[in-house]
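The residues making up each chain are set out below.
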Amino acid sequence: QNPAKSLQVQFSLLNWEFGIADKMDESSLKRYAYDFTSMNCAFSAHINRDQQTQLLWKMANLVKGESVCYISEIHAYFWQMETTLTAYYGLVDAVPECLNMILRAVEEAKSHGCGLDLTLVAHVISILSPIKQDWKSCEDYGDWMTKFEDVRPIVEGLLSISARQESPPATLEETQNAWEKLLFTYTFIRDVSVPMKVDPELTLRTLEPTTKGELRTSAIFRAIVKLFSDLRFEIINPSDDYICPITLEPFKDPVILVSDGRVYERAAIEDWLSKHNTNPMTNLELPTKEVRAATELKDKLNAMATEEGLKAAASRFMEFYLFELCFGATGKDVKEAKLIVDFVAMLAGRRRKGEKKAAVDVVPSDAGKTFLLRKIMEISDAKINAGATTMIYKFLQGTVKSAKFLGTNFSANFSAVQEQIFAEKVTTLDAAIEAVPGLIANLAQLSYVFKGKNKYPPEVVLTTIAHLRHVIVLFAEGLVRANSTAEEKDTKEAKQSRDADSKQLMAKLQILSDKLEPVFQSEATMVRSIRMFLLKNLERARGISFLRSALQAPPLKTCKWLRDWKESAESGLIRFLGANKLPHNNPFKTQTLFADVHAALAAGLAPTSSGFKELETLCANTFANAKQNVPALKAALLSAIFHECYLLKVLPEVPKSTTKKITALGDWIKASPQLSFLNTYEKELILFFCWKPAPAGFALELSPESKTEDIVLFRILVHVAVVALASTDAHPTKFFYGLMFKPEKLVGTWLPCMLEDAQAMAVRVLGGRWYKCSNGHAYFVDKCGRPTVVQKCATCGVKIGGLNHNLLPGQVDLDQGLEGNTNYSQKSKALDKSEMNYCLKEAKEESSPFESVRNMTPLSDRTERLLMHCALLTGSLVDGKTWKKRITPLLSKTYSGAAIKNPAKFFLDHVKGDWRVLCKLVRRSQDDVGLLLHSMLNDLAQKTDPGTSIPAMQVEKKGKQMMHVASWVKLDTIPKRDYFEALMGKSTVDLLFDAKTVATQLETAQKRYSAKTEDEAQVFTQELLEKTDVKLMPTSMKQKFFPALWRYRSPFSLEDFTLELNLVEENKTAYPVLSKFLSDETNLRALEYFPAAIEFQTLALQKFNRALTKEAARKLTVGSAISKASDKKRWREAFEGYKKAWQLGWKFVERFTCLEIPDMLKKAKVDEKTPITMVLPQEKDEGICGLGIMNYLSRRHNQFVEIIYEKLLLRGQQIQRNSSRKNVVSSKFFAPAHALTYDLEGKFVPFVAKQCVSIGDDGARVYNFNNAEQYLLDVFFVGKPLVEMELRMVQYTDDEGAVNTMLLKEKVTQEPLTREEQKQILTELGSPAAAHAAMRLLETCISFLQATGGSYIQKIGVGDKFLIEYVKDVLLMKDVDFGSHSIASKIKLKHIDSLWKTLRDFTVKDPFENVHARYKEVLDAKEGNQIQDEAKNLDLEALVPTMQELIIQRLVEPQMSATAPIADFIGWAPIGENFMNDLPWFKFFPKTIAMAYIVDVYKLLSECHTQG
């Protein structure tokens, strides 16, 4: 209950000397408070230690209620108020001008707590008031914005604490309102003034009406609307200042004529000056014709001349007002009915009486309108809610009546809200089945007419439509799941379970289908729209081919409504469905010779034909007269036979006569001499499409059971074969031919898309200059490219790098071309050593769809892989007996072991996997992706042969460079492979799937390959895809079919948003924070708990460092440690954060320095049963866990913050980055406000869904990535500092070198043992084991002596007491044996330090094992000789042991610079009554040798000492 009293009792029990536990006078206690503050409070540039102490002293007195008079009270009240004091110091750091006001307010305060907090917040708000700022230009906003951003988390934290009190202070509401207005101003400046470059005077004048009264009022809302109208007039309307006096048009490129200072359009004045020597305005002679750019005016024009810029700013600011202030997380409801009426009027597109049309549209997006409408309908105040609902219904009726159709924008928003509400209640098929009967009972509500009286008002009709929409969406989703194929990576058990689930699903779908029959058979005029809505959902999910399949499969196949619809003779529907599953387009029709071969083949297959005479003649003539067309003839034969013959296999029945004709075609191909231009493999492939049985294991063969999606994929496989047959040796597509027919020739060559050489990739991605260590392992140096530090190789541990831009001996350049080049900023180039042959893993082992190699995008990588795997799989159709034997040598045993067992299945799995990922990346239906690939393959085959222009295709002959057109059957050089990847990737695939042009390319392909272009089926498809603008439909159609209410609403998906972002490579540069956030979000989750993790590890270190043996620490659990802590609540809260950080972050920690984390530790969990050693950081054993997790968290935090800083500079807001910003925070003072915290599901996703998504004219989603990234920055990440880790390593009492005797020497004066005494003791002990036993006893003695009197007693006069007496009489250890007669009989307490060091040096192999690596560099020969020469002038008896102790005790952490002189470090070490600097012999110690060599210097001096 009283921590100060409890602590004072503990102090008294210790019975300390010098009155430490007694009352102290105020002066002494204040001096102690000053020291305490210096040790426990963060340094600040704006509040000095005296002022920090003043705050601590006053606050402690306020907490106690009277003056403090004990040291224990300083401690206790500081711990009690630490958070509050840190917040107060933070206020001053953020807003230095408030220092004196805060000091005065605290000094005058009568009590502590929320009342004082609010007083200080009010002072800060007053100081930040915009009217008190001395803003002269836009650049002046930056410093104020920085202060606001820094102080915001502190102020909002203090306000939050006050709001949570049972009896909040009376000033709370007033302070909250004042803060909200300041936030309102900040947001306006951030979103409008800064991007639009609005000068401060205009900003303040514009905001003046909003400074009075509550913000959530109709008056303020209308003021905001008027604000933007006035602002538009001020900054955008052309005036004389913006119009060229010559052209009388607004400026585009303004320049100033120096002689008169006027501004002109550059082209106009330059034209005038080319013809005249006079001023265009005065006609006077010009002294000079010099012009200069009107930079300031041009910048302003660039920022303001577009109304779209102001519209965007207005929209963003209005969304802040609506969704954060009025309906955000402020905890305040809108209480004014007039404001709600204004909102509803805005949503309905209506103006209140006397209100003029706004010059700037401030209405949110459609998603934002829906969100706002729902918030209005969910207002908690019953009276306001009832009034709002009435007003919504009134406006609904008014807009419908005025428009003369039900589907107005406001109606669509209302329906969307009702659908959302219903969707939250009905989430499963079972719930939908239960809901349908109620909907059936309300079918009469679907009727709404405009001639006559309606039985039901618009809101009732719209609600029923909304509920039906959701049930149909659930039905469509179930149909999609029921028709989805099992994943290739599913286990046998998973597939069996999936089959069982599929049966249950089909049963539920059948029930729901039966129950929905009355809906689809309704007599309402909108029934066709209802049916089309189901079809739209199916098409959007999987494409038109899937839709056709679903309509011809249960349960839809047996639906009476579908049968009746077909029988209604709607020609568009009938033609859309077609008579069978055959494709409705032909991508081969544009190929060379296809039309001729197709016509000749059709003649041969005709029932009246007696053979294939026409086809035979065509082949003979082409081979004889146009040999250059033979490849095209082969391709045409294959594509025509596939199209006319093989595709018939998908039909349920094929006439026997047709089957006989196809058999006859196969016989003709086998026997005809006119086909001698086909080799054996080519004939085998063509024969397969004449219905020859497929080899065993070829699972892609078409059949009547094949789905239309299977046909789409199989046609791509065929098209790859067609392109391969049509290619010439000089064309890169010949590579596909090699994959299909000559895989054995590809052994020892490179394949595209294979794994990248890790070293070459690192050099390419990281840049910089690369070197190799003495063992040949690579590392890189960034920035200048020359080393400035010495580190350890991550692979073998040897020293790497160097000092002063010079390499260590044995280090060489990775790039031999840079060897000997000492210039800065050189970039290495690495030799690509990619593996040859096929080296991909199984398809099921691949995870991320965004994986790619070299410079390829994920799209081009997947596309090339798909085509390559199609070619490899096609090869299995020819010569099935030997194909496996021929393909096996091409397969890497390391990566592709499964392929060697069953290559056909292996490649098929990859084909399906690549296809699935590609469709996901393109975000189009399978039909669309297939059609685009066909278009690409056709265009690729027609590209001019590029072979002769490639350096890889050149050979040297007799000393001269000769051009040689080599074959593309194989990629026998790395440049050829790289060229092939680039040709297929950047030059083809990336252009094809460019998000900006893909819709146009798809439309072109559809027209290019469709059998008919403008038939009824095409019209039906256009309606299905919603290509028709509803706004342009006749009113009669809107009244009858309600199209706007049955449009497909694409649900927002963060996955889809992320896919779209990652599809365009440039987005990673344009939106780096958003891109990194979405790609690494799972890795960033742990960072929220980083401060708590630091605190818990700090608490554990303070408690247990040098206090336990390692074995004792391993037996101590975290739970036990917490239970024994004095502040259990603090320990437990900190541990919960540490545990969360571990759970979310440890799985991503793969290595500790160069060592891989052992599996045992990798799988470790942290809870209260965990040994404390897992938390305490150490560079060995389980200590690497505590160290590893903290290193991971700090690295992740800093990497992301660096990206944030870079983006803030690049986005043109340099004015927010200034020298006063605190960029780096020590881990000692790293607080929750500094951590990277965010709310993904609660804030970010809803924001993106309602404010970053719009629907284009083609119905596709359009994302605003800029808005999303700016939201991330403004709401979550602005102002976050880098963290500088200052982490101590734990030392256990039984660690070698763990005992620190520095404090011992301050307590008990020490004297050294003679060499003879040391030798005698070691002789008597005889072994390191005996010495270890003696050391354990000594450790106990040292610990007790150091603790005696605490840290306030400097000397204890017990040096002459014998050690054995102290152990037995004081420590009460009766049966003690040091193992040495000399220790028992001669050693006194004044010898303990020397004895400890003697035993340590005897037992420890390397006494400097724990010394940091930066101090262990090796001296060169010259400096080594210098040390040995000076050694004779030095007192080595005093210097060597002192040096050793300093190194061991003080250089475990990198506290001293490696370049600082050793003499400066050891010069202040005490020797007797003097410092080493004062001793005459020390002047001979070399003054220039750096700390990096101190260990080596010690060893040389020690050798000299030993040698005498």
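Every chain's residues receive numbers from 1 upward, in the order its sequence appears when written. Since the coordinates come from a predicted model, pLDDT governs what is reported: local features require at least 70, and pairs of side-chain atoms require 80 or more to be given and counted, while whole-chain, interface and lining totals use all residues. Heavy atoms from the whole structure form the basis of all side-chain values; hydrogens and water molecules are not counted.

Chemist: Give me the lowdown on the overall build of the protein chain, citing residues and values where you can.
Modeler: Counting from the N terminus, the helices are the DSSP runs of H or I reaching at least four residues and the strands are the DSSP runs of E reaching at least two. Of the regular secondary structure elements, the protein chain holds 62 helices and 19 strands. Looking at the protein chain residue by residue over its 1508 residues, the buried ones come to 51%. Note on contacts: a residue pair is in contact if any heavy atoms of the two residues lie within 4.5 Å. Considering only contacts in the protein chain between residues 6 or more positions apart, those separated by 24 or more positions represent 74%. Working definition of accessibility: Shrake-Rupley area with a 1.4 Å probe, residue cover restricted to the visible protein chains. In the structure as shown, the protein chain presents an accessible area of about 70,700 Å², 52% of it carried by carbon and sulfur atoms. Partly exposed residues are those whose accessible area sits between 20% and 50% of the maximum for their type, while under 20% is buried and over 50% is exposed, using a 1.4 Å probe and protein chains only.

Chemist: Describe helix 14 (residues 337-348), and please don't skip the residues or the numbers.
Modeler: The length a helix should cover is 1.5 Å for every residue beyond the first. Here helix 14 is 12 residues long and its end C-alpha atoms lie 17 Å apart, about the 16 Å a rise of 1.5 Å per residue gives. Most of helix 14 is tucked away, with 10 of its 12 residues classed as buried. Buried within helix 14 we find Leu 339, Ile 340, Val 341, Asp 342, Phe 343, Val 344, Ala 345, Met 346, Leu 347 and Ala 348. Note on helix 14: the residue one or two positions beyond its end, Gly 349, has a positive phi of about 75 degrees.

Chemist: Before we move on, can you summarise the sheet that holds strand 3 (residues 291-293) with the specific residues and values?
Modeler: Sheets are built from strands that pair by backbone hydrogen bonding, the pairs being arranged parallel or antiparallel. Judged by pairing direction, the sheet is antiparallel, and its three strands sit side by side in the order 2-1-3 without closing on themselves. Since the sheet does not close on itself, it has two edges, and those belong to strand 2 (263-265) and strand 3, each with one partner. Averaged over all pairs of adjacent strands, the angle between their axes in this sheet comes to 45 degrees, without regard to strand direction. Should DSSP find at least two bridges between two strands, the strands are taken to pair. Where strand 1 (residues 254-257) and strand 3 come together, three bridges link them in antiparallel fashion. Across the sheet, residue Ile 256 finds its bridge partner in strand 3, namely Arg 292. Seen against the sheet, helix 11 (residues 266-275) touches strand 1, strand 2 and strand 3 and runs at an angle of roughly 90 degrees to strand 2. In this analysis an axis means a line fitted to C-alpha atoms, helices contributing only their contacting stretch, and an angle means the value between N-to-C directions, from 0 to 180 degrees.

Chemist: Give a description of the sheet that holds strand 4 (residues 769-772) that names residues and reports values.
Modeler: What the three strands build is an open sheet, ordered 5-4-9; its pairing is antiparallel. In this open sheet, the two edge strands, each paired with only one partner strand, are strand 5 (778-781) and strand 9 (812-813). Bridge analysis of strand 4 against strand 5 gives four bridges, and the strand direction is antiparallel. By the bridge assignment, Arg 769 is partnered in strand 5 with Val 781.

Chemist: Tell me about the side chain of Ser 706, and please be specific about residues and values.
Modeler: Structurally, Ser 706 is set in the loop between helix 29 (680-688) and helix 30 (708-726). Residue Ser 706 is classed as buried on the basis of its relative accessible area, which comes to 6%. Under this definition, polar contacts are N or O atom pairs within 3.5 Å; protein pairs additionally need one hydrogen-donor-capable and one acceptor-capable atom, and for neighbouring residues in sequence, both atoms have to be side-chain atoms. A distance of 2.9 Å separates a polar atom in the side chain of Ser 706 from the backbone nitrogen of Ser 703.

Chemist: Kindly report on the nonpolar core, identifying the contributing residues and their values.
Modeler: The nonpolar side chains of a soluble globular protein tend to be buried with one another. To define a nonpolar core, start from buried Ala, Val, Leu, Ile, Met, Phe, Trp, Tyr and Cys residues and group those joined through side-chain atoms within 4.5 Å. The biggest cluster of nonpolar side chains holds 171 residues, and the ones touching the most others in it are Leu 91, Tyr 321, Phe 343 and Ile 376. Ignoring sequence-local partners within four residues, the contact set of Tyr 321 consists of Phe 184, Leu 215, Arg 216, Thr 217, Ile 220, Phe 221, Ile 224, Cys 326, Leu 339 and Phe 343. By size, the runner-up hydrophobic cluster in this structure holds 116 residues, among which are Leu 651, Met 868, Trp 968 and Val 989.

Chemist: Let's hear about unusual backbone geometry: which residues, and what values?
Modeler: In this structure, Pro 555 follows Pro 554 across a cis peptide bond, with omega equal to 0 degrees. Tracing the backbone through its elements, the reader meets Pro 555 in the loop between helix 22 (544-551) and helix 23 (560-567). Positive phi, normally seen in glycine, also occurs at Trp 691, with a value near 75 degrees. By secondary structure assignment, the location of Trp 691 is in the loop between helix 29 and helix 30. You can call Trp 691 partly exposed: its relative accessible area is 24%. At Asp 1181, a position not held by glycine, the phi torsion is positive, near 55 degrees. One can find Asp 1181 in the loop between helix 49 (1159-1162) and helix 50 (1183-1210). Take Asp 1181: its relative accessible area is 42%, and that puts it in the partly exposed class.

Chemist: How would you sum up the environment of Glu 1133? Please name residues and give values.
Modeler: Relative to the elements of secondary structure, Glu 1133 occurs in helix 48 (residues 1128-1145). On the basis of relative accessible area, Glu 1133 is assigned to the exposed category, the value being 52%. Taking C-alpha positions, Glu 1133 is 9.9 Å from Ala 1093, a pair spaced 40 residues apart along the chain.

Chemist: Help me get a handle on the packing of aromatic side chains, residues and values and all.
Modeler: Between 30 and 60 degrees the pair is tilted, below 30 it is stacked and above 60 it is edge-to-face, where a pair is any two Phe, Tyr or Trp rings, Trp via its six-membered ring, whose centres lie within 6.5 Å. Overall, the coordinates contain 71 aromatic pairs when judged by the stated rule. Note on Tyr 32 and Phe 36: the rings are 6.3 Å apart at their centroids and 35 degrees apart in plane angle, and the pair reads as tilted. Here the residue Tyr 32 and the residue Phe 36 both occupy positions in helix 2 (residues 26-40), the gap between them amounting to four residues, near one helical turn. Ring geometry for Tyr 1071 and Phe 1265: centres 5.8 Å apart, planes at 55 degrees, overall tilted. Linking Tyr 1071 in the loop between helix 43 (1067-1070) and helix 44 (1072-1084) with Phe 1265 in helix 52 (residues 1265-1277), this pair joins segments that are 194 residues apart in sequence. Each member of the pair Tyr 1071 and Phe 1265 is classed as buried. Following the ring pairs from residue to residue traces out a cluster consisting of Phe 184, Phe 188, Phe 221, Phe 228, Phe 317, Phe 320, Tyr 321, Phe 327 and Phe 343. When the ring centre of Phe 546 is taken as origin, the NZ or CZ atom of Arg 542, which lies over that ring, is 4.9 Å away. Placement of a positive charge over a ring is assigned whenever Lys NZ or Arg CZ falls within 6 Å of the ring centre and within 35 degrees of the normal to the ring plane. The positively charged end of Lys 1388 is found above the aromatic ring belonging to Phe 1362, 5.2 Å away from the centroid.

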